[in-house]
Amino acid sequence: MINEMKSGFFSSKIVEWYADHHRDLPWRKTRDPYKIWLSEIILQQTRVLQGLPYYREFVRRYPTVRALAAAREQDILRSWQGLGYYSRARNLRKCAQAITSRPGAKFPETASELRTLPGIGTYTSAAIASLAFDEKIAVVDGNVFRVLGRLFGIDDDISTNRGRKIFETLANQLMPTTNPGTHNQAVMEFGALHCLPVNPKCSSCIFETGCYAARHGMQDQLPVKSKSKKPSRRYFYYMVIRRGKKLMMRKRVERDIWTGLFDFPLFETKKPIATSRIAALVGLRSSPNARIQVKISKEFKHILSHQIIRARFLEMPAKQKDELRVEIIADARYYSPAEVRRLPKPVLISRYLETTGFL
């Protein structure tokens, strides 16, 4: 079966399946490398249904690579808000600027050249090169790992360099000489719609009789991926300082999560602290139970890929900011409600503002 597939059987079967079952998505109707690149960056770590509105909004606001390169980082981050992994958005702008510095603002046409651009790695470069420029190079993502791992019974760990190399080599051996972009789309779509992570549709699979995992009942064991590290826990205590209708906020500039986004002055601890001790730790002389001067919110939990954040918000009038430890309010300033709405913010901050009715 493997030899048959390597001689073209695999590609012809999966492309035939793709013709009948693929989703109608806008980036599949173009050879424009800008739009293909944009879709690939948005869909990293993001499901299609969630990413589709963002893709359409970016194409509307930034119809060309030159338009994206000329945009302010703050505006791009605001458009990106809710997708997470904000380094992708910052790299979008850096990459667009690198492309516009090239003659004619043209995208490189090979995967090796594309990898020299900011934020474009092995997967994205292969996708752009094959879909926009017909380079014969395999695109290997989680869907492809799953399809090939199950079909061929590959038990090498996909989280290791050796494992990834084995899959990439096989994926490239299976590539047809014509229409490499369609082949790549077909394999990824088959993994997304048919060879599912849980409850794959084996009974109606085009490869049912030749699939190693189906024959050996190993669908839930392949592909092999070692467990990721336990997520770290962080405890945020935000100072929500109001002066009239304005809120004090600051831009995150440290190399950490949410760089470039805006949140409130912050005090962080490695362990949770009792509500009765919070005010004293941040420098406030007032007790949490004092007359409406400091109101401590309920806990807001926010889960990231490798971190779990538990946040509380301390609401207080402007006059109390002078009691706070100096470093907490450094580089913060007041913003009007309209400005706050326009600022790029972490989902955690937007959720708090919506819950409390500030916006």
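Above this text is the structure in question.
Residues numbered from 1 in each chain as written. Predicted model: local features only at pLDDT ≥ 70, side-chain atom pairs only at ≥ 80, totals over all residues. Heavy atoms only, no water.

**Thoughts on the pattern of salt bridges**
Any two side chains of opposite charge can pair if their charged atoms end up close together.
Part 1 of the reasoning: Under the criterion given, the structure shown has 17 salt bridges.
Part 2 of the reasoning: Among the salt bridges present, the one from aspartate 134 reaches arginine 31, with a minimum N-O distance of 2.9 Å. Here the residue aspartate 134 occupies a position in the loop between α8 (122-133) and α9 (142-152), and arginine 31 occupies one in the loop between α1 (2-21) and α2 (33-43), the gap between them amounting to 103 residues.
Part 3 of the reasoning: The salt bridge partner of aspartate 256 is arginine 234, with a shortest N-O separation of 2.8 Å. Taken as a pair, aspartate 256 in the loop between β2 (246-251) and β3 (262-263) and arginine 234 in strand β1 (residues 232-243) lie far apart in primary sequence, 22 residues in all.
Part 4 of the reasoning: Since its relative accessible area comes to 26%, aspartate 256 is described here as partly exposed.
Part 5 of the reasoning: What makes arginine 234 buried here is its relative accessible area of 13%.
Part 6 of the reasoning: A network of salt bridges, in which partner residues are shared, links Arg234, Arg250, Arg252, Glu254, Asp256, Asp263 and Glu268. (Salt bridge = Lys/Arg side-chain N within 4 Å of Asp/Glu carboxyl O. Helix = DSSP H or I, 4+ residues; strand = E, 2+ residues; numbered from the N terminus. Buried < 20%, exposed > 50% of the residue type's maximum accessible area, 1.4 Å probe, protein only.)

**Topic: the nonpolar core**
Part 1 of the reasoning: Membership of the largest hydrophobic core comes to 95 residues, with the highest contact counts inside it found for Trp37, Tyr238, Phe264 and Phe313.
Part 2 of the reasoning: If you look at the next biggest cluster of nonpolar residues, it comprises 21 residues, including Ile273, Ile278, Val282 and Ala318. (Core = buried A, V, L, I, M, F, W, Y, C linked by side-chain atoms within 4.5 Å.)

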